[in-house]
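Observations on the three-dimensional arrangement
Chain by chain, the residues run as shown.
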Amino acid sequence: MSEFIPLSVPSLQGNEWQYIKECLDTEWVSTAGKYVDKFENSICDLTQAKYAVACVNGTAALHIALKIIGVTSDDEVIVPTLTFISPINAVKYVNASPIFMDCDEYYTIDCEKTIEFILTETEFKNGASYNKRSGKRIPAIIIVHVFGNAVNVFELLSICRERNIRVVEDSAESIGSYYIQEPLLNKYTGTIGDIGCYSFNGNKIITCGGGGMIVTNDEEYGRKARYLTTQAKDDEVRYIHHEVGYNYRLTNIQAALGVAQLEQLQKYITIKKTNYLLYKNQIDNIEGLSLAEVPQFANSNYWLYCLRIDQEEYGKNREELLKFLLENQIQSRPVWYLNHMQRPYQKCQNYKIEQAYIQLERTLNIPCSVNITSRQIERVIEVLQNGKK
Ligand SMILES: Cc1ncc(COP(=O)(O)O)c(C=O)c1O
């Protein structure tokens, strides 16, 4: 029986043992310690964000981002339907409602349709945008750099600024991706809106086991993020709290892992790009299959690879191919079930969703771990060739 090839698993080949051992040896295992500070500083160095606040995971980071912006009950937040559910749930955590948008060819939010929605379906009065249909305020949008693909957000950013809609970037999957076109030239995903959120979950390009980071260039947002993620202490000695805070701080052990992983990020991105090209050269020659392009206006971190299936030509649909790959010990995964169809969100507004259905039906993510070998990639390609009817 051939060995199992997983979809995306961590690669721990740097200073992880050494840094974690140091935490254990020095007994700095909790939320204070040099690695938490170092991790935050290293993220600022990489992304050029002015402020970074480490937290327990990416979902907590998104929750806090919406709190800081002041999203509350009776507000609405624009979100993409095609994404992991976490940013949508974050909207619910602050008792607001999502409005779902379609996706584009790169699986990220369709910015053209979103602009159309803002211009035609909202009105701007007293310094805020309101949904004409519901009458509710729309203080924020969450864009998601899905699979490491930077969102084509150039124009949308300025419309949001004009309409006083704050931009939260869910950069959970896109650490290391940056724009290579003006006016965002050399800007990292996570730093172009008002607040960016990263995830260091085990399946991401680098991991803390579990972990997240809030980044911003706004001093007050940075201060508030630190305050809210550390129980909102107004007097640390006497335990005075003027607001409801959260126990969302990352531990030193997790941060130690994060620091060691971050040291290897550039190497990992290079490996991921090489493997992407290795796959792409051969998959694009299989009739009915192709590997989705990444945006040309950014340098991507190539987190997950998207296999596109033309069922007519290939002779198998997504589910059949998923099953066939698994029978051959290869893990693959469809993109997330669309959020506007998930049970908690079925009654929420959605706007002209078309492309997302197509992308869902025709896409499978295929193995992309940093430590996948070229032999394993060859085997995936061979199985894909054999799968054609
Ligand atoms: C797009 C997206 N947003 C948010 C998250 C949430 O991050 P976490 O798992 O660290 O809470 C993830 C991944 O897990 C994600 O893929």
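Source: prediction; values computed, not measured.

**Remarks on the packing of aromatic side chains**
Following the criterion strictly, the structure yields 15 aromatic pairs and no others. Plain terms: the ring middles of Tyr 178 and Tyr 188 are 5.1 Å apart, the flat faces sit at 40° to each other, and that makes the pair tilted. Taken together, the residues Tyr 178 in strand β8 (residues 178–179) and Tyr 188 in the loop between β8 and β9 (195–199) connect sequence positions 10 residues apart. Grouped by ring-pair contacts, the aromatic residues Tyr 106, Phe 154, Tyr 179 and Phe 297 constitute a single cluster. Directly above the aromatic system of Tyr 227 lies the positively charged group of Arg 223, at a separation of 5.8 Å from the ring centroid. In this structure, Lys 316 packs its charged tip against the face of Phe 324, placed 4.6 Å from the ring centre.

**A look at the site of the ligand**
The ligand sits among 16 residues. The nearest are Thr 59, Asp 170, Glu 173, Ser 199 and Lys 204. Between the ligand and the protein, one listed contact pairs a nitrogen atom with a side-chain N or O atom of Asp 170 at 2.6 Å. The contact in question runs from an oxygen atom of the ligand to an N or O atom on the side chain of Lys 204, over 3.0 Å. Out of a free accessible area of 380 Å², the ligand has 92% covered by protein chains.

**Details of helix α12 (residues 355–362)**
What α12 keeps buried is the set Ala 356, Gln 359 and Leu 360. All buried residues of α12 project into a common sector of 100° when viewed along the axis, lining one side. At its buried positions, α12 is contacted by β13 (305–309), α11 (318–327) and β15 (363–366).

**Some details on the environment of Gly 127**
Tracing the backbone shows Gly 127 in the loop between β4 (122–125) and β5 (128–131). On a C-alpha basis, the gap between Gly 127 and Gln 13 in space is 51 Å, while along the polypeptide they are 114 residues apart.

**Structural notes on the pairing of strand β7 (residues 166–170)**
In summary, the side chains of a regular strand alternate between the two faces of the sheet. Of all the five residues making up β7, four are buried; the element is thus mostly covered by neighbouring parts of the structure. Examined bridge by bridge, strand β6 (residues 137–144) and β7 share five bridges and lie parallel to one another. When the bridges of β7 are listed, Ala 140 appears paired with Arg 166. Taken together, β6, helix α6 (residues 154–162) and β7 constitute a β-α-β crossover, and its handedness is right-handed. The pairing of β7 with β9 spans three bridges and is parallel. Each residue of the ladder has a partner; that of Asp 170, found in β9, is Cys 197.

**Observations concerning a negative patch on the surface**
Where like charges cluster on the molecular surface, the negative patch consists of Glu 287, Asp 310, Glu 312 and Glu 313. The topology assignment puts Asp 310 in the loop between β13 and α10 (311–314).

**Looking at the pairing of strand β1 (residues 51–55)**
In terms of burial, β1 is a largely internal element, four of the five residues being buried. In the sheet, β1 pairs with strand β10 (residues 212–216) via five bridges, with the strands oriented antiparallel. Residue pairing across strands places Cys 55 opposite Gly 212, the latter belonging to β10.

**Let's talk about the state of the cysteines**
Scanning all chains against the criterion turns up zero disulfides. Distance from the sulfur of Cys 44, which forms no disulfide, to the nearest cysteine sulfur (Cys 55) is 13 Å. A relative accessible area of 15% places Cys 44 in the buried class. The closest cysteine sulfur to the non-disulfide-bonded Cys 208 is located on Cys 55, 10 Å from its own sulfur. Residue class for Cys 208 comes out buried when judged on its relative accessible area of 3%.

**Things to note about empty space enclosed by the protein**
The final tally for this structure, using the stated rule, is two cavities of 30 Å³ or more. Taken together, 13 residues make up the lining of the largest cavity; nearest its centre are Asn 149, Ala 292, Val 294, Leu 304 and Cys 306. Taken together, the residues of the lining of the largest cavity sort by class into 10 nonpolar, two polar and one charged. Both domain 1 (16–262) and domain 2 (265–387) contribute no fewer than three residues apiece to the lining of the largest cavity. Space inside the second largest cavity adds up to approximately 40 Å³. Taken together, Ser 8, Val 9, Pro 10, Ser 11, Asn 203, Lys 204, Ile 205, Lys 272, Trp 303 and Val 370 form the lining of the second largest cavity. Per-class residue counts for the lining of the second largest cavity are five nonpolar, three polar and two charged.

Rules and cut-offs
Residues numbered from 1 in each chain as written. Predicted model: local features only at pLDDT ≥ 70, side-chain atom pairs only at ≥ 80, totals over all residues. Heavy atoms only, no water. Phe/Tyr/Trp six-rings, centres within 6.5 Å; stacked < 30°, edge-to-face > 60°. Helix = DSSP H or I, 4+ residues; strand = E, 2+ residues; numbered from the N terminus. Lys NZ or Arg CZ within 6 Å of the ring centre and 35° of its normal. Near = heavy atom within 4 Å. Polar contact = N/O pair within 3.5 Å; in protein donor to acceptor, adjacent residues only side chain to side chain. Areas by Shrake-Rupley, 256 points an atom, 1.4 Å probe, with all protein chains shown as cover. Buried < 20%, exposed > 50% of the residue type's maximum accessible area, 1.4 Å probe, protein only. Arc of directions from axis to C-beta. Contact = heavy atoms within 4.5 Å. Pairing = 2+ DSSP bridges. Right-handed = clockwise from strand over helix to strand, strands pointing away. Patch = residues over 30% accessible without salt bridge, like charges linked within 9 Å, V, L, I, M, F, W, Y side chains within 5 Å. Salt bridge = Lys/Arg side-chain N within 4 Å of Asp/Glu carboxyl O. Lys, Arg positive; Asp, Glu negative; His and termini not counted. Charge placed at Lys NZ, Arg CZ, Asp CG, Glu CD. Disulfide = S-S within 2.5 Å. 1 Å grid on protein atoms, 1.4 Å probe; cavity = no way out; pocket = protein on both sides within 12 Å on 5 of 7 lines; lining within 4 Å. Points joined across faces, edges and corners; volume = space filled by probe spheres on them. Nonpolar A, V, L, I, M, F, W, Y, C, P; charged D, E, K, R; others polar. Domains from an automatic or database assignment.

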